[in-house]
Amino acid sequence: MQRNLTDRVALVTGAARGIGLAIADRLAARGAHVIISDIDYEAGERRVRHLAERGDSAAFMKVDLADPMCVLQLAREAAARFSGIDILVNNAGIVSTGPIEDVGLAEFQRLIAIDLTSVFLLTKSVLPHMAASNWGRIVNIASVAGQRGGGLFGNSCYAAAKGAVIAFTKGIALEAGPFGVTCNSICPGLTDTDLTSSLTDKQREGIIATTPVGRTGQPEDIAEATAFLVSPAAGFITGVTLNVDGGFMRY
Ligand SMILES: NC(=O)c1ccc[n+]([C@@H]2O[C@H](COP(=O)([O-])OP(=O)(O)OC[C@H]3O[C@@H](n4cnc5c(N)ncnc54)[C@H](O)[C@@H]3O)[C@@H](O)[C@H]2O)c1
C-alpha cells in the first residue's frame, strides 16, 4: 500500500467502530498519524493498540460531540499535542428515524449537535493551521439521505443535518481553496455497520434491489474513497459530493 500520508496528522471522529474505524485504519496504513476520537473510550483505546501492534501510529482522544465545549477542547488538545491537524474527517454521526411527530426537540437538537455543529466547530478549529501550512484536507461523511430527504433509513431530521453538511462542505471549499485546503463530502449508501443493524432483511433486500451493484456497502468502500480524497493526488478535487453507494443515487 502506498504510504502517501507520512508526516500528516489526521483526526477522525467516530473512529472506534464502523466507517470511522475503517477510515482510521486506511489512513494509518498510508502513513498518517491518526487520532481516533470517539465517545467510546474502551473501543477507541483497543483500536489504537491494534494499529500500534501493526506498526502504525495512532492515539485516542475521547470526545462527546453532543457537547460543543467538549468538541472545542478536543480541537485545542489535538492541536497542542500534535502541532496542528492536517487531515480532518468528520465522520461521527447518529441517525433519527420515523415520522416527524415522533421526534422531540431534544432529540432533534442532539442530532444537529453531533451531525452538524461538531462539523462546524472542528472545521473552524483546524482551518487556521491548514491555511498557515498551505495544505489541508477535510472530508465530511454525509449521506445519500441528505440529497433525498431521507428514505433509506434516516428521516427528515437526519436528512436536514446531512443536507446542511453537504452545503457547508461546498462553502468551505470556496473559502479554503485559496489556502491549499480541499473540502469534500462523501455520501455513503446503505453500509453494513452497527448503525444499520436494526434494518429488517426485507428493508435491506429492498435497497439492494435498487442498487445496481447488487450489494450493501462495506466500511472499507467508504474508507478507500476517503483515502483518495485526502491524498496528495486529490488536490484539484474540492466541493464535491461523492456518492459511494453502488449506484443507488444514479437518477
Ligand atoms: N452506515 C450507513 O449505512 C451510513 C449511510 C450513510 C451515512 N452514514 C454516516 O456515516 C457515519 C458513520 O456511520 P456508521 O455507520 O459507521 O455509524 P456507527 O454507529 O457504526 O459508528 C458511529 C461512531 O460514532 C461514535 N459516536 C456516536 N455518538 C458520538 C458522540 N456523541 N461523540 C463522539 N462519538 C460518537 C460511536 O461511538 C461510533 O463509534 C455517520 O455520520 C453516518 O451518518 C452511514
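Analysis parameters
- Residue numbers restart at each chain and count upward from 1, following the sequence in its written direction.
- Local features in this predicted model are restricted to residues whose pLDDT is 70 or higher, and side-chain atom pairs enter the listing and the counts only when it is 80 or higher, whereas totals over whole chains, interfaces and linings include all residues.
- Excluding hydrogens and water, the side-chain values take into account all heavy atoms of the structure.
- UniProt positions are given in the numbering used here, feature names are shortened, and annotations may be inferred rather than shown by experiment.
- Helix and strand assignments come from DSSP, with helices taken as H or I runs of at least 4 residues and strands as E runs of at least 2, each series counted from the N terminus.
- Here the expected span of a helix is defined as 1.5 Å times the quantity of residues minus one.
- Throughout, the bend at a residue refers to the angle made by two axes, fitted to the seven residues ending there and to the seven starting there.
- Only one rule defines a salt bridge in this text: a Lys or Arg side-chain nitrogen within 4 Å of an Asp or Glu carboxyl oxygen.
- Remark: exposure states derive from per-residue accessible area (1.4 Å probe, protein chains only) relative to the maximum for the residue type, with buried under 20%, exposed over 50%, and partly exposed in between.
- Think of it this way: one heavy atom of a residue within 4 Å of a molecule or strand is enough to make that residue near it.
- Polar contacts here mean pairs of N or O atoms no more than 3.5 Å apart (in protein, one a potential hydrogen donor and the other a potential acceptor; neighbouring residues in sequence count only if both atoms are side-chain atoms).
- Charged residues are taken to be Asp, Glu, Lys and Arg, nonpolar residues to be Ala, Val, Leu, Ile, Met, Phe, Trp, Tyr, Cys and Pro, and polar residues to be all remaining types, Gly included.

Identification of the protein chain as 3-oxoacyl-ACP reductase family protein from Rhizobium indigoferae is taken from an unreviewed UniProt entry. Recorded in UniProt under Sequence similarities (unreviewed entry), the annotation for the protein chain is "Belongs to the short-chain dehydrogenases/reductases (SDR) family."

Participant: Sorry, what's going on with helix α4 (residues 105-133) here?
Facilitator: Because the α-helix completes a turn every 3.6 residues, residues three or four places apart line up on one side. Along its 29 residues, α4 runs 41 Å from first to last C-alpha, staying within 8% of the 42 Å computed at 1.5 Å per residue. Remark: the principal bend of α4, roughly 40°, maps to Ala113. Asn134 occupies a position one or two residues after α4 and carries a positive phi of about 55°.

Participant: What am I meant to see in the pattern of salt bridges here?
Facilitator: A side chain with one charge may pair with a side chain of the opposite charge, provided their charged atoms come close. Within the structure shown, the criterion is met by 8 salt bridges. For the salt bridge of Arg3 with Asp56, the shortest nitrogen-to-oxygen distance reads 3.5 Å. Taken as a pair, Arg3 in the segment before β1 (9-13) and Asp56 in the loop between α2 (41-53) and β3 (58-62) lie far apart in primary sequence, 53 residues in all. With relative accessibility at 10%, the residue Asp56 sits in the buried group. In this structure, the salt-bridge partner of Glu224 is Arg26, at a minimum N-O distance of 2.1 Å. Separated by 198 residues along the polypeptide, Glu224 in helix α8 (residues 219-229) and Arg26 in helix α1 (residues 18-29) bring together distant segments of the chain. Via salt bridges that share partners, Arg3, Asp25, Arg54 and Asp56 belong to a single interconnected network.

Participant: Teacher, can you tell me more about the site of the ligand here?
Facilitator: Inspection of the region around the ligand gives 30 residues, with Arg17, Asp38, Asn91, Tyr158 and Thr193 positioned closest. Within the side chain of Lys162, one N or O atom sits 2.8 Å away from an oxygen atom of the ligand. Between Thr193 and the ligand, the recorded distance is 2.5 Å, taken from a side-chain N or O atom to an oxygen atom. Where the shell around the ligand is concerned, the elements lending two or more residues are α1 and α6 (156-176). Here the residues of the shell around the ligand sort into 16 nonpolar, 9 polar and 5 charged.

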